[in-house]
Amino acid sequence: MSQPDLNSPKKTSSSTQDRRAFLQKSALALMTAVLGADIVHAATMPKGYLPVALPADFDPMKGKSKGMIIRNEKPWNVEPTPNLLNDAVTPFASIFIRNNGLIPEDIDVNSWTLTIGGESVSKEKTYSLDELKKRFKAFTYQLVLECGGNGRAGFYPPASGNQWEEGAVFCSEWTGVRLKDVLADVGIKSNAVYIGYYGKDKHLNGDPAKVVISRGVPIAKAMQDETLLAWKLNGQDIPLAHGFPLRLVCGGWPASVSGKWLHKIVVRNKVHDGEKMMGDSYRVPKYPVAPGQEVPDEDMKIIESMPVKSLITYPKSGAMFGTSKKLAVQGHAWAGEYEVREMQVTTDFGATWQKCNLKKPVNRLAWQQWSIELGFPQAGYYEIWARATDDQGISQPMVIPGWNPKGYLNNACHRIAVKVS
């Protein structure tokens, strides 16, 4: 089967030059953040040089795919293009990074502990990493983590925050112990309502007492089998940028509830009120609002299960091929707490839809692979749109869903362009 030409030569555009300049500035900003001071003579520093005070292996993009897009340099936020997410199990190289603060330094695994406390525990208890690994049974699940703002760039008027396109999502293999087993060992009271986490990331203003982010989930979500205290990602230690040495992982909900560099969990007798649990952080209006409309705080609700969604991961948008060949199209679909029941694509802007082959998830809260072979009646420009429907009968919208102040939950159909010659 003929494969589309994804490598046709292109001229260097002004936008490409701007991106290169931004990447250079981003690398400089990251080095400055680690050093804790401006590099006074940065303009004359040799290209590719690393200051002596930095570790020899310092590289903010070490091990990541070259096609990753830097959305913000402080804190570090990076996403892949959809074609880099073609693997059934997302490799480290293609996992998006969403940080709210600075990555902690000088992590000592041997002295790292996790404390479980709060109003609704019988007695506060602290575990070392070694104790967690030895005292409780380990489990491994493939779990979807997606930024609540994935797709924010599609909203108009623009919403504040990193302008994620479609790549702030991944499904990798996590290994750890079930949070519910540890909570059972601690002992929780009948009035438990919510859990909240605390990590070791550092606030951008340098204040060690200021919490960067402290979110959480209802106790029912905390007690699910798939909610893990994880130390491995795809069979290896979790990389530093993704939460080493311990991370709370709650698949199917906004990735912001999966706390990195985890050192404390509180069991609350009320909805957790930590940093980024209030205001418009990971909250949306309870009812439709006009673009740009201000929404009273009491009319906002916390995002829980993420909506049904799909992604075309092959071919890359802009592919070119001949009319005599079928085009193999593939991607993933997911639906928060639910399962995807049907997957369809259209090549005529939604006039007709074709059903795709859809695999079952390997476990609950994992994404599902889909595929289809498409033929095209004549040469010309086409768009392929993808639409998933979950087991509750809810389908992706063909247009951008209702506007909200922070641009959350955009699950409109993913679209790519192809040219048939």
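How each quantity is defined
- Residues numbered from 1 in each chain as written.
- Predicted model: local features only at pLDDT ≥ 70, side-chain atom pairs only at ≥ 80, totals over all residues.
- Heavy atoms only, no water.
- pLDDT = per-residue confidence, 0-100.
- Contact = heavy atoms within 4.5 Å.
- Phe/Tyr/Trp six-rings, centres within 6.5 Å; stacked < 30°, edge-to-face > 60°.
- Buried < 20%, exposed > 50% of the residue type's maximum accessible area, 1.4 Å probe, protein only.
- Helix = DSSP H or I, 4+ residues; strand = E, 2+ residues; numbered from the N terminus.
- Lys NZ or Arg CZ within 6 Å of the ring centre and 35° of its normal.
- Pairing = 2+ DSSP bridges.
- Arc of directions from axis to C-beta.

Here we take up the confidence of the model for the chain. The predicted coordinates should not be examined in detail at positions where pLDDT is low. Summarising the model, the chain shows a mean pLDDT of 90, and 88% of its residues fall at 70 or more. Below a pLDDT of 50 lies the segment residues 1-23, which in the model reaches 26 contacts outside its immediate sequence neighbourhood of four places, other chains included.

Glancing now at the packing of aromatic side chains. Inspection of the entire model under this criterion finds ten aromatic pairs. Centre to centre, the rings of Tyr127 and Phe136 are 5.9 Å apart; their planes meet at 70°, and the pair counts as edge-to-face. We classify Phe136 as buried; its relative accessible area is 10%. Relative to Tyr408, the ring of Tyr282 lies with its centre 5.4 Å away and its plane at 25°, an arrangement referred to as stacked. Taken together, the positions of Tyr282 in the loop between β13 (262-268) and β14 (283-285) and Tyr408 in the loop between β23 (380-390) and β24 (414-420) put the pair 126 residues apart, joining distant regions of the chain. Taken as a pair, Tyr282 and Tyr408 share a single burial class, namely buried. Members of the aromatic cluster, joined through ring pairs, are Phe96, Trp164, Phe170 and Trp174. Arg387 extends its terminal NZ or CZ atom over the ring of Trp353, reaching a point 3.8 Å from the ring centre. Across the ring face of Trp385, the terminal group of Arg415 is positioned such that the distance to the ring centre comes to 3.9 Å.

Most of β13 sits out of view: five of its seven residues are buried. Relative to β13, strand β4 (residues 113-117) runs parallel, the two sharing three bridges. Bridged to Thr115 within β13 is Lys264. Sheet topology note: the strand β8 (residues 194-199)/β13 ladder contains six bridges and is antiparallel.

What follows covers the environment of Phe136. By secondary structure assignment, the location of Phe136 is in the loop between α2 (129-135) and β6 (138-146). Ignoring anything within four residues of it in the chain, the contact list for Phe136 reads Tyr127, Glu131, Val177, Asp181, Val182 and Asp185.

This paragraph deals with helix α3 (residues 179-186). Restricting attention to buried positions, one finds in α3 the residues Leu179, Val182, Leu183 and Val186. For α3, the arc enclosing every buried residue in end-on projection is 100°, short of the 170-degree limit, so these residues lie on one face. Looking at the residues trailing α3, positive phi occurs at Gly187, about 95°.

Before going further, it helps to examine the sheet that holds strand β16 (residues 309-314). Sheet strands pair via backbone hydrogen bonds, and the direction of the pair is either parallel or antiparallel. In space, the four strands of this open sheet follow the order β16-β18-β22-β21, with antiparallel pairing throughout. Single-partner strands in this sheet number two, and they are β16 and β21 (357-358).

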